[in-house]
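# Notes for the structure review
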Amino acid sequence: MSHKRVAILISGGGSNMVALVRSMTGDHPARPVLVLANRPDAGGLKRAAALGVPTAMVDHRPFGADRTAFEAALTAALEQARPDIIALAGFMRILTPAFINRWKGRMLNIHPSLLPKYRGLHTHARAIKAGDAEAGCSVHEVTAELDGGPVLGQARVPILPDDTPETLAARVLEQEHRLYPAVLKRFAAGDRTPLYL
Ligand code: GAR
């Protein structure tokens, strides 16, 4: 069996990336072939290298507002790795429809809310402010609609009375590390039925 090739895009510490990389061993149908960051200071780059995964960096800042030029550089770096699947893992750049369509049906993202609630940023603060009893995370297919593609899996946590956005984020992040590897494994095997942990 030939493994599916997975490229992981990050912007920060890359804890989800580490969980994904560690999961892709043994009978897993996929293997990590590239970790790419859009910032030179993304802590996940060193963590990926320590795990033996090739890394690349395409800094978005020199491109300014020219998203198309940034994405052309991103595409060039990605294509060298010939990925079958792209996993966005804390990648904090909005992508254009042209880029998204190129990887249609092959790109996943993890988002720290129970979609369709709280697309965009500050999800934990918004869930607390709304008085929600539960929060969680979602893995979804990436479509041109921001955080709006089909949900492939979700995990839930309670919101506790004393929660701050930080304590809630930490509780959700633990679930992200369970959910994303589980969904990626199914997705790589061709199974897109949603998984609810
Ligand atoms: C994760 O909580 C992820 O869900 C979130 O960024 C964090 C990255 O952490 N993603 C988004 O907010 C996407 N809009 P990590 O770098 O430790 O995986």
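That block above? That's the structure.
Below is a short write-up of the structure. (Residues numbered from 1 in each chain as written. Predicted model: local features only at pLDDT ≥ 70, side-chain atom pairs only at ≥ 80, totals over all residues. Heavy atoms only, no water.)

## Let's talk about the site of the ligand
- Lining the immediate environment of the ligand, one finds Gly 13, Gly 14, Ser 15, Asn 16, Gly 90, Met 92, Ile 110, His 111, Pro 112, Leu 173 and Glu 176.
- Separating an oxygen atom of the ligand from a backbone N or O atom of Gly 14 is a distance of 2.8 Å.
- Between the ligand and Ser 15 there is a distance of 2.6 Å, counted from an oxygen atom to a side-chain nitrogen or oxygen.
- Starting from 450 Å² of accessible surface for the ligand in isolation, the protein chains cover 80%.
- Elements that contribute at least two residues to the shell around the ligand include exactly α1 (15-23), β5 (107-111) and α6 (165-188).
- When the residues that make up the shell around the ligand are grouped by side-chain class, the tally is four nonpolar, six polar and one charged. (Near = heavy atom within 4 Å. Polar contact = N/O pair within 3.5 Å; in protein donor to acceptor, adjacent residues only side chain to side chain. Areas by Shrake-Rupley, 256 points an atom, 1.4 Å probe, with all protein chains shown as cover. Helix = DSSP H or I, 4+ residues; strand = E, 2+ residues; numbered from the N terminus. Nonpolar A, V, L, I, M, F, W, Y, C, P; charged D, E, K, R; others polar.)

## A few points about the packing of α1 against α6
- At a minimum axis distance of 9 Å, the contact between α1 and α6 shows a crossing angle of 40 degrees. When the axes of α1 and α6 are compared, the pair comes out oblique. The crossing of α1 and α6 is right-handed. Contacts between α1 and α6 involve Ser 15, Asn 16, Ala 19, Leu 20 and Ser 23 from the former and Leu 173, Glu 176, His 177, Tyr 180, Pro 181 and Leu 184 from the latter.
- Along the lines of polarity and charge, the residues of the contact of α1 with α6 split into six nonpolar, four polar and one charged. (Axes fitted to C-alpha atoms, helices over the stretch in contact; angles between N-to-C directions. Parallel < 35°, antiparallel > 145°, perpendicular 65-115°, else oblique. Left-handed = near helix turned anticlockwise from the far one by under 90°. Contact = heavy atoms within 4.5 Å.)

## Quick notes on the nonpolar core
- Counting residues in each nonpolar core, the largest one holds 38 residues, and the members touching the most others are Val 6, Ile 8, Ile 10, Met 17 and Tyr 180.
- Of the residues forming this core, the biggest block, eight residues, is contributed by α6.
- Leave out the neighbours within four places in its chain, and Met 17 touches Ile 8, Ile 10, Val 35, Gly 44, Arg 47, Ala 48 and Ala 89.
- In terms of nonpolar packing, the next biggest core, distinct from the first, is built from 20 residues, Leu 34, Phe 91, Ile 100 and Val 142 among them. (Core = buried A, V, L, I, M, F, W, Y, C linked by side-chain atoms within 4.5 Å. Buried < 20%, exposed > 50% of the residue type's maximum accessible area, 1.4 Å probe, protein only.)

## Here's the deal with the side chain of Gln 154
- Following the sequence through the fold, Gln 154 ends up in strand β7 (residues 151-158).
- Apart from residues lying up to four places away in sequence, Gln 154 is in contact with Leu 114, Leu 115, Cys 137, Ser 138, Leu 179, Leu 195, Tyr 196 and Leu 197.

## Section: the packing of aromatic side chains
- Evaluation of the coordinates by the stated rule reveals one aromatic pair.
- Note on Phe 63 and Phe 70: the rings are 6.0 Å apart at their centroids and 55 degrees apart in plane angle, and the pair reads as tilted.
- Phe 70 gets classed as buried once you look at its relative accessible area, which sits at 5%. (Phe/Tyr/Trp six-rings, centres within 6.5 Å; stacked < 30°, edge-to-face > 60°.)

## What to know about the pattern of salt bridges
- This structure, assessed with the given rule, holds ten salt bridges.
- Residue Arg 61 is joined to Asp 59 by a salt bridge in which the shortest nitrogen-to-oxygen separation is 2.9 Å.
- Two residues, Arg 192 and Glu 141, come together in a salt bridge whose shortest N-O distance is 3.2 Å. Pair noted here: Arg 192 is in the loop between α6 and β8 (195-196) and Glu 141 is in strand β6 (residues 134-141), with a separation of 51 residues, a long-range link.
- The buried category is assigned to Glu 141, whose relative accessible area is 14%. (Salt bridge = Lys/Arg side-chain N within 4 Å of Asp/Glu carboxyl O.)

## Thoughts on α1
- When α1 is considered as a whole, its buried residues turn out to be Asn 16, Met 17, Val 18, Ala 19, Leu 20 and Val 21.
- Next to the buried residues of α1 lie β1 (4-10), β2 (30-37), α2 (44-50), β4 (85-88), β5 and α6.

## Examining the pairing of β7
- Pairing between β6 and β7: seven bridges, direction antiparallel. Counted as the bridge partner of Gly 136 is Arg 156 from β7.
- Strand direction decides the pairing type here: β7 and β8, joined by two bridges, are parallel. The partner of Gln 154 across the bridge, within β8, is Tyr 196.
- Crossover handedness for the path β7 to α6 to β8: left-handed. (Pairing = 2+ DSSP bridges. Right-handed = clockwise from strand over helix to strand, strands pointing away.)

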